[in-house]
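An overview of the molecular structure
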Amino acid sequence: MRMQDKNVIITGGASGIGLASAKRCLEEGANVIIADLASSEGSARAAELDSTFNGRCLFCACDVTQTASVDQLFDTCVTELGSVDAVFNNAGIGGIQPSIDVSDEDFLRIIDINLNGVFRVSRAAMRVMYRQGSGSIVNCASILGVFGQSETAAYTAAKGGVVNMTRALAIEAAPKGVRVNAIGPGYIDTPLIAELDKELVQGLISLHPIGRLGRSEEVANAFLFLASDEASFVTGANLMVDGGFTAGKS
Ligand code: NDP
């Protein structure tokens, strides 16, 4: 078991990549807290997993735009489970719109969830992990963290910020025994993509040399590696899980 008795927090764990990651961690022996908006289906999903995996999955309502909510999440994890061994900063929203139509509110909301939220959660994680002298933080970036795409200014800015913030945090946290890495998914078949026009999705598929969208489980496996002790000498990395999307572009 690659995650036996590890305590893992996954933000945005009610859906898509986060939910698949929760399942993979449970399969590998971890205790998992699914942290998601109270309005999400997280509590039902967590209850199903809890019953399948013998009481090892908990739901905690958390909004990553609210510092108090994030800090409460970590207090709950320490109180209920005793430690925080790995965190997946996975909560995020999409946003495709011509920049001239984007309101201040829309722009700031994407940045607040996709970038500031990652910082709030990482800060709370580092406070606990520094006391423990160990831990692994994994931040979900994107292919759009390293390349631009039309009509995604806020999303691209946020994900680019996540990639470079990951490097800064990794250097800062390394002497304390804490690793910080990012994952850069290509387009993955989740509810986030289901919102897009079918023709647009066909065009997106053609950008991946492997010739299909990715699956949530394929990103979950990358998270599992970075979260586990198998990645004990890996920090500050941005692991692309993108079916070759970025390979020809560097
Ligand atoms: P999903 O929409 O399936 O899951 C995202 C989850 O995050 C949802 O449960 C959502 O809740 C939750 N969430 C949204 N806002 C907040 C918040 N403020 N606080 C806590 N949770 C919140 O998306 P994916 O699984 O596709 O995406 C997961 C991550 O992967 C995101 O960071 C995304 O940017 C990234 N990614 C996804 C790609 C893809 O192609 N799918 C490609 C590259 C990166 P609700 O549904 O209620 O809004």
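Above this text is the structure in question.
Presented here is a report on the structure given in the accompanying data block. (Residues numbered from 1 in each chain as written. Predicted model: local features only at pLDDT ≥ 70, side-chain atom pairs only at ≥ 80, totals over all residues. Heavy atoms only, no water.)

**Considerations on the overall build of the chain**
Counting its regular elements, the chain contains 8 helices and 7 strands. The C-alpha atoms of the chain give a radius of gyration of 17 Å, which matches the 18 Å a tight globule of 250 residues would have. Projecting the C-alpha coordinates of the chain onto the three principal axes gives extents of approximately 45 × 40 × 35 Å. Taking all 250 residues of the chain together, the buried fraction comes to 50%. Of the contacts made within the chain by residues no fewer than 6 positions apart, 73% connect residues no fewer than 24 positions apart. Carbon together with sulfur atoms contributes 53% to the accessible area of the chain, which is approximately 11,200 Å² in total. Side chains of the chain carry 19 positive and 28 negative charges; the gap between the two charge centres is 7 Å. (Helix = DSSP H or I, 4+ residues; strand = E, 2+ residues; numbered from the N terminus. Rg over C-alpha atoms; globule rule 2.2 N^0.38 Å. Buried < 20%, exposed > 50% of the residue type's maximum accessible area, 1.4 Å probe, protein only. Contact = heavy atoms within 4.5 Å. Areas by Shrake-Rupley, 256 points an atom, 1.4 Å probe, with all protein chains shown as cover. Lys, Arg positive; Asp, Glu negative; His and termini not counted. Charge placed at Lys NZ, Arg CZ, Asp CG, Glu CD.)

**Structural notes on the site of the ligand**
Ser-15, Asp-36, Tyr-155, Ile-188 and Thr-190 are the nearest of the 28 residues found near the ligand. At a separation of 2.6 Å, an oxygen atom of the ligand approaches a polar side-chain atom of Tyr-155. Contacts to the ligand include Thr-190, whose side-chain N or O atom sits 2.5 Å from an oxygen atom. Notes on the ligand: free accessible area 890 Å², of which the protein chains cover 89%. With respect to the detected pockets, the ligand is housed in the largest pocket. Of all the secondary-structure elements, those providing two or more residues to the shell around the ligand are α1 (16-27), α5 (153-173) and α6 (191-194). The residue inventory of the shell around the ligand, partitioned by class, reads 17 nonpolar, 8 polar and 3 charged. (Near = heavy atom within 4 Å. Polar contact = N/O pair within 3.5 Å; in protein donor to acceptor, adjacent residues only side chain to side chain. 1 Å grid on protein atoms, 1.4 Å probe; cavity = no way out; pocket = protein on both sides within 12 Å on 5 of 7 lines; lining within 4 Å. Sits in = over half its atoms within 2 Å of the grid points. Nonpolar A, V, L, I, M, F, W, Y, C, P; charged D, E, K, R; others polar.)

**Some words on the packing of aromatic side chains**
Here the structure, examined in full by the defined rule, presents 1 aromatic pair. Summarising the aromatic geometry, the rings of Phe-88 and Phe-223 are spaced 4.4 Å apart at their centres and angled 10 degrees between planes, so their arrangement reads as stacked. One end of the pair, Phe-88, is in strand β4 (residues 86-89); the other, Phe-223, is in helix α8 (residues 216-227), and 135 residues separate them in sequence. With respect to burial, Phe-88 and Phe-223 carry one shared label: buried. The side chain of Lys-249 reaches across the aromatic face of Phe-245, ending 4.1 Å from its centre. (Phe/Tyr/Trp six-rings, centres within 6.5 Å; stacked < 30°, edge-to-face > 60°. Lys NZ or Arg CZ within 6 Å of the ring centre and 35° of its normal.)

**Here we look at the environment of Asp-75**
Its place among the elements puts Asp-75 in helix α3 (residues 67-81). Counting along the chain gives 49 residues from Asp-75 to Ala-124, while the straight-line C-alpha distance between them is 9.3 Å.

**Thoughts on α1**
Across its 12 residues, α1 extends 17 Å between first and last C-alpha, which sits within 8% of the 16 Å expected from 1.5 Å per residue. For α1, the buried fraction is high: 9 of the 12 residues fall into the buried class. Taken as a whole, α1 has its buried residues at Gly-16, Ile-17, Gly-18, Ala-20, Ser-21, Ala-22, Arg-24, Cys-25 and Leu-26. (Expected span 1.5 Å × (residues − 1).)

**Regarding the sheet that holds strand β5 (residues 135-140)**
Spatial ordering of the open sheet is given by β3-β2-β1-β4-β5-β6-β7, a layout of 7 strands whose pairing is parallel. At either margin of the open sheet sits one strand with a lone partner, and together these are β3 (57-61) and β7 (238-241). The average undirected angle you get between the axes of adjacent strands in this sheet is 20 degrees. Summarising the sheet, β4 and β5 pair through 4 bridges and their orientation is parallel. (Pairing = 2+ DSSP bridges. Axes fitted to C-alpha atoms, helices over the stretch in contact; angles between N-to-C directions.)

**Topic: helix α2 (residues 42-52)**
The periodicity of an α-helix, 3.6 residues per turn, causes residues three or four places apart in sequence to face the same way. Of all the positions in α2, only Gly-42, Ala-46 and Leu-49 are classed as buried. Considered in projection along α2, the buried side chains sweep an arc of 65 degrees and stay on one side of the axis. Looking at α2, the residues exposed on the side facing more than 90 degrees away from the buried face are Ser-51 and Thr-52. For α2, the elements touching its buried residues are α1, β2 (31-36) and β3. Note on α2: the residue one or two positions beyond its end, Asn-54, has a positive phi of about 50 degrees. (Arc of directions from axis to C-beta.)

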